Amino acid sequence: QVQLVESGGGLVQPGGSLRLSCAASGSIFSNYRMGWYRQAPGKQRELVAIITSGLTTSYADSVKGRFTISRDNAKNTVYLQMNSLSPEDTAVYYCNVRHIVTNVNYWGQGTQVTVSS
């Protein structure tokens, strides 16, 4: 079983930045698509950003140009750099890895991001 540990969330003022990290057990990331999702109160979990094993990235329109997803396979870690944060970005952020062969999904425990003055 893949274990994912997230870090980097917290309280930030509008316009500020945060960098989320998600570290996975084992040396397995080369066979996974990695992504970040978020869930705001009363809303469905939504895709924020994904990065494939080939380093192709995709972003939700709401975060495009502000967020950057990256991965370091040697460290089994995926990152989400979040800039120009607004209150609308407030949510619990979850990292996700999906095995490209089995299509099994693994989820982090979630980290709270709160954007408020």
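Small disclaimer: the values here were computed from a predicted structure and weren't measured.

A. Geometry of the pairing of strand β1 (residues 4–7). On β1, burial follows the alternation: L4 and E6 on one face are buried, whereas V5 and S7 on the facing-out side are not. Examined bridge by bridge, β1 and strand β3 (residues 18–24) share 4 bridges and lie antiparallel to one another. Within β3, the residue paired with V5 across the bridge is A23.

B. Fine view of the sheet that holds strand β8 (residues 77–82). With antiparallel pairing, the 4 strands of this open sheet are ordered in space as β1-β3-β8-β7. The open sheet has two edge strands, β1 and β7 (67–72), and neither has a second partner. Taking the axes of each pair of neighbouring strands and ignoring which way they run, one obtains an average angle of 15 degrees across the sheet. Where β3 and β8 come together, 6 bridges link them in antiparallel fashion. Bridged to A23 within β8 is T77.

C. Region of the structure containing the side chain of D89. Inspection of the secondary structure assignment puts D89 in the loop between β8 and β9 (91–99). Residue D89 is classed as buried on the basis of its relative accessible area of 2%. Apart from residues lying up to four places away in sequence, D89 is in contact with R38, V63, R66, F67, S84, V113 and V115.

D. Structural context of the packing of aromatic side chains. Under the defined criterion, the tally for this structure stands at 2 aromatic pairs. Centre to centre, the rings of Y37 and W107 are 5.0 Å apart; their planes meet at 65 degrees, and the pair counts as edge-to-face. Of this pair, Y37 sits in strand β4 (residues 32–39) while W107 sits in strand β10 (residues 105–107), placing them 70 residues apart in sequence. Taking relative accessible area as the criterion, Y37 reaches 15% and is therefore assigned buried. Just above the ring of W107 sits the side chain of R45; from NZ or CZ to the centre is 4.5 Å.

E. Quick look at the state of the cysteines. On inspection of all chains with the given rule, the structure shows 1 disulfide. With its sulfur 1.9 Å from that of its partner, C22 forms a disulfide with C95. In this pair, C22 is assigned in strand β3 and C95 in strand β9, connecting sequence segments 73 residues apart. The two residues C22 and C95 agree in class, both being buried.

F. Molecular detail of unusual backbone geometry. Backbone geometry at L55 places phi at a positive 75 degrees, although glycine is not the residue there. Here L55 lies in the loop between β5 (46–51) and β6 (57–59).

Cut-offs applied
- Residues numbered from 1 in each chain as written.
- Predicted model: local features only at pLDDT ≥ 70, side-chain atom pairs only at ≥ 80, totals over all residues.
- Heavy atoms only, no water.
- Buried < 20%, exposed > 50% of the residue type's maximum accessible area, 1.4 Å probe, protein only.
- Helix = DSSP H or I, 4+ residues; strand = E, 2+ residues; numbered from the N terminus.
- Pairing = 2+ DSSP bridges.
- Axes fitted to C-alpha atoms, helices over the stretch in contact; angles between N-to-C directions.
- Contact = heavy atoms within 4.5 Å.
- Phe/Tyr/Trp six-rings, centres within 6.5 Å; stacked < 30°, edge-to-face > 60°.
- Lys NZ or Arg CZ within 6 Å of the ring centre and 35° of its normal.
- Disulfide = S-S within 2.5 Å.

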